[in-house]
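# Architecture at a glance
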Amino acid sequence: MRAVCPLLKKVEGGYVCGAVDRSVNPEAWYCFMDYPSCPLYINYIRRQRGQVTQGVPQAQQTQAATTEVKPLVTVTQQAATAAASVSVSEPEDEVINRLRGILESMQGRVKDLDEAWRSYEGKATAAKGELDKNEHLVNQYLLSLEGIKANLEESIKELEYRREAGMIDESSYGKAREYVEKRLSSITQQLNEMREAYGRIQESILTHYRRVLSEGTEAAKVKLSLAKLEELYRTGRVSKEVYERIKAQLTMMGG
């Protein structure tokens, strides 16, 4: 268990040092473990002792001062013994641990993003491959449905012609036309829906694939620029300062 300064007060929004009545960061000060060495704590104790001894005869002050020496020596010896046997946590240790925790958490986020990007890149490439593989087949099916639709439209014209020529009675004409029109309406609706769906899918896949392709192109451009920069620096056409600054910028752009 850590030894906490008795003058440290927990308040809303942080901590206050009772020795000076102002806010303080206990992690960066002496408030934990080493508070007897804190100059604020030492001055506070001295002030308190000065107030107690005011008005007391000199002889009593001398006696009190004499009797206080032994406990202080004892406390110092106990602290030295504890320090020798126990690893004492310094104020900066807590700050370092917390900072390390934050950095490790953010590094984990970076790792997750890298893995997510690799997964995204692979899925976008796979989707583009499936689109390319099925494009011809999808277009064939759509053309086939268009052909069926055209045949049904011709069937309606044929029925009209047969009725006008007296080759078919009204009852047969009505039933046949109703059947053809029902099929024509259904195939027209589904054909339009599938064309629109295929168009949306195609555009979405190409959007993702272009994003992956653009990232790869940008990375290639950065590598080429770095190579040119190296050549300029090697031949002395740019200074070291300019070389290092531009290289840092390019490296950041290239990930």
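Throughout this document, residue positions are counted from 1 along each chain, in the order its sequence is written. Residues qualify for local features only when their pLDDT is at least 70, as the model is predicted, and side-chain atom pairs are given and counted only at 80 or more; totals for whole chains, interfaces and linings, by contrast, use all residues. In computing side-chain properties, one takes all heavy atoms of the structure into account and sets aside hydrogens as well as water.

It is worth spelling out the overall build of the chain at this point. Under the DSSP-based scheme used, a helix requires at least four consecutive residues in state H or I and a strand at least two consecutive residues in state E, with every element numbered from the N terminus. Within the chain, the regular secondary structure consists of 5 helices and 3 strands. Listed by position from the N terminus, the elements making up the chain come as β-β-β-α-α-α-α-α. Each residue is assigned to one of three classes by its accessible area relative to the maximum for its type, calculated with a 1.4 Å probe on protein chains only: buried under 20%, partly exposed between the two thresholds, exposed over 50%. Counting all 255 residues of the chain, 15% fall into the buried class. Only the protein chains shown count as cover for residues, with accessible areas throughout obtained via the Shrake-Rupley method and a probe of 1.4 Å. Working note: accessible area of the chain is about 19,100 Å², and carbon and sulfur atoms make up 55% of it.

Another aspect to go through is the sheet that holds strand S1 (residues 8-11). With antiparallel pairing, 3 strands are arranged side by side in an open sheet as S1-S2-S3. This sheet does not close on itself; its edge strands, each paired only once, are S1 and strand S3 (22-23). Only strands that DSSP links by at least two bridges are regarded as paired with each other.

What follows deals with the pairing of S1. Every other side chain in a regular strand lies on the same face of the sheet, so the side chains alternate between the two faces. Taken together, the 4 bridges between S1 and strand S2 (residues 14-17) define a ladder with antiparallel strand orientation. Its bridge partner being in S2, Lys-9 is matched across the sheet by Val-16. What sits between S1 and S2 in their antiparallel hairpin is a turn of 2 residues, with Gly-13 showing a positive phi close to 90°.

We now examine the pattern of salt bridges. Here, a salt bridge means any side-chain nitrogen of Lys or Arg that lies within 4 Å of a carboxyl oxygen of Asp or Glu. Tallied over the entire structure, the rule returns 10 salt bridges. The shortest N-O distance in the salt bridge between Glu-160 and Arg-163 comes to 3.3 Å. Note that Glu-160 and Arg-163 are positioned in helix H3 (residues 91-164) at a spacing of 3 residues, about one turn of the helix. Classification of Arg-163 as partly exposed rests on a relative accessible area of 28%. Notably, a salt bridge pairs Glu-170 with Arg-163, separated by 3.8 Å at the nearest N-O pair. Sharing partners across several salt bridges, the network here consists of Glu-160, Arg-163, Glu-170, Arg-177 and Glu-181.

Right, let's talk about the packing of aromatic side chains for a bit. What counts as a ring pair is set by centres within 6.5 Å for rings of Phe, Tyr and Trp (its six-membered ring), and what kind of pair is set by the plane angle: stacked under 30 degrees, edge-to-face over 60, tilted for all other angles. Scanning the entire structure with this criterion turns up 1 aromatic pair. Ring plane angle 35° and centroid distance 5.3 Å describe the contact between Trp-117 and Tyr-120, whose orientation is recorded as tilted. Remark: Tyr-120 and Trp-117 occur in helix H3; sequence separation between them is 3 residues, near one turn of the helix. For Trp-117, a relative accessible area of 30% puts it in the partly exposed group. A ring has a charge above it when a Lys NZ or an Arg CZ is no more than 6 Å from the ring centre and no more than 35 degrees off the ring normal. Seen from the ring of Tyr-209, Lys-128 lies directly overhead, with NZ or CZ sitting 5.1 Å from the centre.

Relative to S3, S2 runs antiparallel, the two sharing 2 bridges. Paired with Cys-17 across the two strands is Arg-22, which belongs to S3. What sits between the antiparallel neighbours S2 and S3 is a turn of 4 residues, in which Asp-21 has the positive phi angle 55°.

Further remarks concern the side chain of Lys-149. As for its position among the elements, Lys-149 is in helix H3. Only four residue types enter the tally: Lys and Arg on the positive side, Asp and Glu on the negative side, with His and both chain ends excluded. It is Glu-153 that comes nearest to the buried, bridge-free Lys-149 among opposite-charge side chains, at 4.5 Å. Here, two residues are considered to be in contact whenever any of their heavy atoms come within 4.5 Å of each other. Excluding anything up to four places from it in sequence, Lys-149 contacts Leu-184, Ile-187, Thr-188 and Leu-191.

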